[in-house]
Structure formats: C-alpha cells, structure tokens
Amino acid sequence: MVADWRQRGVCGTEDVDPELFFPVGTGLAALAQAEEAKAVCRRCPVMETCLDWALDTGQDSGVWGGLSEDERRAVRRRVARRRTAANKKQKAGAQS
C-alpha cells in the first residue's frame, strides 16, 4: 500500500525534482529550498499520510509531509513528552 500513496503524491510528478525535498545545509539557500518543497507539500492530497509515514519510519532527512527534519524532530519530542506524562499519570493513578 505504500506505493499507492506515493504514486498519488505531487512530489512524484515529472515536473517536480525529487532533490527539491532534500536541501543540503542550513544556509539561506537551503532554507529557501525547504520552503519551496513545503509549498509543493501543501498542494498534495497525501500530505498527512506522507507525514505519518515519515514519523512512523523515522525519516531523518528531507521534507516529508510538509515538515523539515527539525520540525519532525519537534513533533516526535512532543509526542514522547505526552506519552511520558500519560504514563506517569497512569502509574500514579494505579498506586492510589
């Protein structure tokens, strides 16, 4: 089923260079390239599926689902903090 959503992605069309989604460096040119890639993602019908896949599979480079590497790391950190807080709350409730 992975191929199905990827085939429907805007990034897979002939007019989009796949390298666009993998900016090199952190300078202004790379940031501009990442923003251009995100603009392509915002037009994509499978953006959410792509992001879910990238998060689930730990993609650590490139723009996936409209988010950069740093943005996806931030999402993963938030999710981990929520899980930790929920686990602590659950353990505290079990001890009561």
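In what follows, the structure referred to is the one given above.
Residues numbered from 1 in each chain as written. Predicted model: local features only at pLDDT ≥ 70, side-chain atom pairs only at ≥ 80, totals over all residues. Heavy atoms only, no water.

A. Main features of the overall build of the protein. A tally of regular secondary structure across the protein gives four helices and zero strands. The order of helices and strands in the protein, counted from the N terminus, is α-α-α-α. C-alpha extents for the protein along the principal axes are approximately 60 × 35 × 20 Å. Going through the 96 residues of the protein one by one, you find that 30% of them count as buried. Taking as baseline every contact in the protein between residues at least 6 positions apart, the subset at least 24 positions apart corresponds to 37%. (Helix = DSSP H or I, 4+ residues; strand = E, 2+ residues; numbered from the N terminus. Buried < 20%, exposed > 50% of the residue type's maximum accessible area, 1.4 Å probe, protein only. Contact = heavy atoms within 4.5 Å.)

B. The side chain of Lys38, seen in detail. Along the chain, Lys38 falls in helix α2 (residues 28–42). On the basis of relative accessible area, Lys38 is assigned to the buried category, the value being 8%. Non-local contacts of Lys38, meaning those with residues more than four positions away in its chain, are made with Val63, Gly66, Ser68 and Glu71.

C. Geometry of the packing of helix α3 (residues 47–57) against helix α4 (residues 69–95). As a packed pair, α3 and α4 sit with axes 11 Å apart at the nearest point and diverge in direction by 70°. Classified by the angle between their axes, α3 and α4 sit roughly perpendicular to one another. Crossing handedness for the pair α3 and α4: right-handed. Across the interface between the two elements, Leu51, Ala54 and Leu55 of α3 pack against Arg72, Val75 and Arg76 of α4. Looking at the contact of α3 with α4, its residues break down into four nonpolar, no polar and two charged. (Axes fitted to C-alpha atoms, helices over the stretch in contact; angles between N-to-C directions. Parallel < 35°, antiparallel > 145°, perpendicular 65-115°, else oblique. Left-handed = near helix turned anticlockwise from the far one by under 90°. Nonpolar A, V, L, I, M, F, W, Y, C, P; charged D, E, K, R; others polar.)

D. Representation of the nonpolar core within the structure. In terms of nonpolar packing, the biggest core is built from 16 residues, with Leu20, Phe21 and Val63 touching the most fellow members. Looking at this core, the elements with two or more residues in it are α2 and α3. Top contributing element to this core by residue count: α2, with four residues. (Core = buried A, V, L, I, M, F, W, Y, C linked by side-chain atoms within 4.5 Å.)

E. Broad picture of the packing of aromatic side chains. Summed over the entire model, instances satisfying the criterion amount to three aromatic pairs. When the centroid spacing of 6.3 Å and the interplanar angle of 80° are considered together, the rings of Phe22 and Trp64 count as edge-to-face. Placement of the pair is Phe22 in the loop between α1 (2–8) and α2 and Trp64 in the loop between α3 and α4, with a sequence separation of 42 residues. For Phe22, a relative accessible area of 34% puts it in the partly exposed group. Taken together, a centroid distance of 5.0 Å and an interplanar angle of 45° make the contact between Trp53 and Trp64 tilted. With Trp53 in helix α3 and Trp64 in the loop between α3 and α4, the pair connects residues that are 11 residues apart, well separated along the chain. For the pair Trp53 and Trp64, one class covers both residues: buried. The ring centre of Trp53 lies 4.3 Å from the NZ or CZ of Arg6, which sits over that ring. (Phe/Tyr/Trp six-rings, centres within 6.5 Å; stacked < 30°, edge-to-face > 60°. Lys NZ or Arg CZ within 6 Å of the ring centre and 35° of its normal.)

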